[in-house]
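Examining the three-dimensional arrangement
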Amino acid sequence: MADLKINFAGVELKNPIVTASGTFGFGREYGEYYDLSKLGGICVKGLTAKPREGNLPPRIAETPGGMLNSVGLQNPGIDAFITDELPFLREFDTVIIANISGNTVEEYAEMAEKLSGGNADIIEVNVSCPNVKAGGMAFGTSTEGVTAVTKAVREKTKTPVMVKLSPNVTDIASIAKAAEDAGADALSLINTLLGMRIDIQTRKPILNNNVGGLSGPAVFPVAVRMVWQAALQVKIPILGMGGVESGSDAVEMMLAGASLVGVGTACFHNPYAPLDIIVQVEQYLDKKGIGSAKELTGKVEPV
Amino acid sequence: MPNLFDCNITENIRLTNSVYSIAVDCESIAAESAPGQFLHIKCGDRVLLRRPISICNVSGGVLRIVFEVKGEGTKWLSLQQTGDVLSILGPLGNGFTFLKGNVIVVGGGIGSPPMLYAAERAKENAAVTAILGFRSADDVILKDNFESVCDEFHLMTDDGSAGERGSVILPLENLLKNGEYDAVLSCGPHKMQEAVAKLAAEFNVPCQVSLEERMGCGVGACLVCVCATMPDGTMKMSRVCADGPVYDAREVFF
Ligand SMILES: Cc1cc2nc3c(=O)[nH]c(=O)nc-3n(C[C@H](O)[C@H](O)[C@H](O)COP(=O)(O)OP(=O)(O)OC[C@H]3O[C@@H](n4cnc5c(N)ncnc54)[C@H](O)[C@@H]3O)c2cc1C
Ligand SMILES: Cc1cc2nc3c(=O)[nH]c(=O)nc-3n(C[C@H](O)[C@H](O)[C@H](O)COP(=O)(O)O)c2cc1C
Ligand code: FES
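Residues numbered from 1 in each chain as written. Chains lettered and ligands numbered in written order. Predicted model: local features only at pLDDT ≥ 70, side-chain atom pairs only at ≥ 80, totals over all residues. Heavy atoms only, no water.

From N to C terminus, chain B includes six helices and 16 strands. Against the globule reference of 18 Å for 254 residues, chain B gives a C-alpha radius of gyration of 17 Å, in line with a compact fold. Its C-alpha atoms put chain B at 50 × 45 × 35 Å along the principal axes. When each of the 254 residues of chain B is scored for burial, the buried share is 56%. Per element, the accessible surface of chain B, about 10800 Å² overall, is 46% carbon and sulfur. Averaging the positions of the 21 positive and the 31 negative side-chain charges in chain B gives two centres separated by 5 Å. (Helix = DSSP H or I, 4+ residues; strand = E, 2+ residues; numbered from the N terminus. Rg over C-alpha atoms; globule rule 2.2 N^0.38 Å. Buried < 20%, exposed > 50% of the residue type's maximum accessible area, 1.4 Å probe, protein only. Areas by Shrake-Rupley, 256 points an atom, 1.4 Å probe, with all protein chains shown as cover. Lys, Arg positive; Asp, Glu negative; His and termini not counted. Charge placed at Lys NZ, Arg CZ, Asp CG, Glu CD.)

Right, dumping it as structure tokens:
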């Protein structure tokens, strides 16, 4: 039996599979289906300094092999997360990753401070949400923005900081490097790709927000490419995600350079997807006679 | 507990030009289902997301769904045959609440199927009146089923080609004016439900509506399926899949 354990930025995970932020709520719903302790980790729904109601519906449009969403960070706010949701999540033996989004650099710093001292095992700094007007992706598409947010968060916390990068950039490597240089302990990518669908009968966009973020199998090759390009540029570990549906997708993501693999949209059609993927990765390792999952990271042999 | 099941299709009948009735065998879901709940159904490998379809009724371990072909997912579903297997997540959502007293169920078009299950349950301890509305005679579904379950039945069509001409609002207003009713339960187009809710409120009769929104997970985790509700005077984005699809009409922000 292969060893699935991963040490990620100093945090020990029992396996490399974590749920992607915004696709798994705060764990309560899928917790009705299986024991959350089986997961390597849980990235919770994106948190903001104040509660947010998000965008108006419709918030979802299906696309070939994927979907657009324009949720717009609906969440109860960081204080309610800490008092109402975290105690439930802490009942499980799994790593808790808190995902934060700010309107300003100061808001990111303030939230990081609140999450310090054990309120999260890892802080995932979302500078890549395409569905909010201020903040979000505005920070993640320039090296200056990423540097400013990462530095501000770094100063406020000893908890490992993971910066979540946007794929809506021309040079992912330079953005990845900026996050590393500013003190990030890890990177996660990709967030969703900005997209649009139009109803040809009504001539109206399907999403009330007009545009939304693309996720699901359609984005997988883009995600693999970006993880690979980022991994070549930085020494810090990477959580790779975007369209992972199976154990072989997860292995591919790791070969590209990911230490951990996020599973999001796959849960929507198969609630058990993260657990199935853990089993499939283990089977792959055993079949190939590979002793440990961590041996896969970055082992692609480019031509 | 809702869960994921592979269910055998026992029957697929075409009811109208574009509406089909599929029966599947699933003891586990059938045992837990309540009127107003829905199933999240995988429609082949070409579409990624599951499709939410209401439970039309349950007999023994057999569940029935009645659906209209709209796009690729429901098209695929309509082509499945007896013996084929459907991947179903369910039963999901909160159904109708049943209290003692006389009940009116209102169904508009393809919103009618879940109202059959509601009428059957309500009939266990109440007198039930059904009002169904369709575009024209060709679109009428489940008439015989409603007629055999309900104490009183009103059929309406937009063009008068079957039943009475006009909308479900006409007989609803007459009933509420002249009778004693304790609940109105409804499912159908948004505009129709808004009118039903308004009328019920005028006559001070508690009204529950079943809403529709595009869905992702179907279990309450992704927040894509929300509608605006006012549970306590402040507007809140509520998850149709998990907090609904059935709501007290007074809470809905139409
Ligand atoms: C709680 C609930 C219960 C429902 N019950 C029934 C029923 O009993 N019978 C029936 O015929 N229909 C029902 N519907 C509507 C049904 O889900 C849609 O008609 C169906 O999803 C269309 O899928 P498609 O692939 O054929 O269409 P497409 O238009 O190709 O679908 C594209 C995407 O949009 C979504 N979508 C499109 N129209 C709707 C809609 N009206 N509501 C929700 N999502 C939509 C699809 O799920 C899919 O993700 C219900 C919807 C909800 C939310
Ligand atoms: C409905 C939905 C909501 C999301 N919400 C967030 C969020 O709040 N914060 C965030 O960083 N990413 C969010 N994401 C992005 C995912 O975490 C992930 O990066 C992306 O979906 C790609 O992975 P996937 O294809 O496996 O879903 C969301 C994605 C979806 C589909
Ligand atoms: S469909 Fe995911 S929360 Fe309702």
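Below, the discussion takes up the site of ligand 2. Taken together, 24 residues lie around ligand 2, and Ser21(A), Lys164(A), Gly216(A), Gly243(A) and Thr265(A) are the ones closest in. In this structure ligand 2 sits where residues from chains A and B come together. A distance of 2.7 Å is found between an oxygen atom of ligand 2 and a backbone nitrogen or oxygen belonging to Ser21(A). Ile190(A) is positioned such that a nitrogen or oxygen atom in its backbone is 2.9 Å from an oxygen atom of ligand 2. If ligand 2 stood free it would expose 610 Å²; the protein chains cover 98% of that surface. Classifying every residue of the shell around ligand 2 by side-chain character gives seven nonpolar, 15 polar and two charged. (Near = heavy atom within 4 Å. Polar contact = N/O pair within 3.5 Å; in protein donor to acceptor, adjacent residues only side chain to side chain. Nonpolar A, V, L, I, M, F, W, Y, C, P; charged D, E, K, R; others polar.)

This next bit is on the packing of aromatic side chains. Residue and element names in this part refer to chain A. One pass over the full model with this rule turns up nine aromatic pairs over all chains. Residues Phe 24 and Tyr 30 carry aromatic rings whose centres are separated by 4.9 Å and whose planes lie at 20° to one another, so their mutual orientation is stacked. Owing to a relative accessible area of 0%, Phe 24 belongs among the buried residues under this scheme. Their ring planes at 35° and their centres at 5.6 Å tell us that Phe 26 and Phe 81 sit as a pair that is tilted. On the criterion of sequence distance, the pair formed by Phe 26 in the loop between strand E3 (17–19) and strand E4 (41–43) and Phe 81 in helix H1 (residues 78–89) is long-range, its members being 55 residues apart. The class for Phe 26 is buried, based on a relative accessible area of 11%. Directly above the ring of Phe 88 sits Arg 28, whose terminal nitrogen or CZ lies 4.5 Å from the centroid. (Phe/Tyr/Trp six-rings, centres within 6.5 Å; stacked < 30°, edge-to-face > 60°. Lys NZ or Arg CZ within 6 Å of the ring centre and 35° of its normal.)

The subject of this paragraph is the site of ligand 1. Looking at ligand 1, there are 20 residues lining it, with Arg51(B), Pro52(B), Gly71(B), Gly73(B) and Thr74(B) nearest. What surrounds ligand 1 is not a single chain but chains A and B. In this structure, Gly71(B) approaches ligand 1 through a main-chain N or O atom, which is 2.7 Å from an oxygen atom. Contacts to ligand 1 include Gly73(B), whose backbone N or O atom sits 2.7 Å from an oxygen atom. Contact with the protein chains removes 86% of the 830 Å² of surface that ligand 1 exposes when unbound. Those elements giving two or more residues to the shell around ligand 1 turn out to be strand E4 (51–54), strand E6 (62–68) and helix H2 (72–78) of chain B. The biggest single contributor to the shell around ligand 1 is E4(B), with four residues. The residue makeup of the shell around ligand 1, split by class, is eight nonpolar, four polar and eight charged.

Taken together, the contact pairs 28 residues of chain B with 32 residues of chain A. Our enumeration of links across chain B and chain A arrives at two salt bridges. Residues Arg51(B) and Glu62(A) are paired through a salt bridge, measuring 2.7 Å at the closest nitrogen-oxygen approach. Contributing elements (two or more residues each) for the side of chain B that touches chain A: strand E1 (3–14), strand E7 (85–92) and strand E15 (236–239) of chain B. Broken down by element, the side of chain B that touches chain A gets its largest block of residues, three residues, from E15(B). Across the side of chain B that touches chain A, the residue classes break down as 18 nonpolar, three polar and seven charged. (Contact = heavy atoms within 4.5 Å. Salt bridge = Lys/Arg side-chain N within 4 Å of Asp/Glu carboxyl O.)

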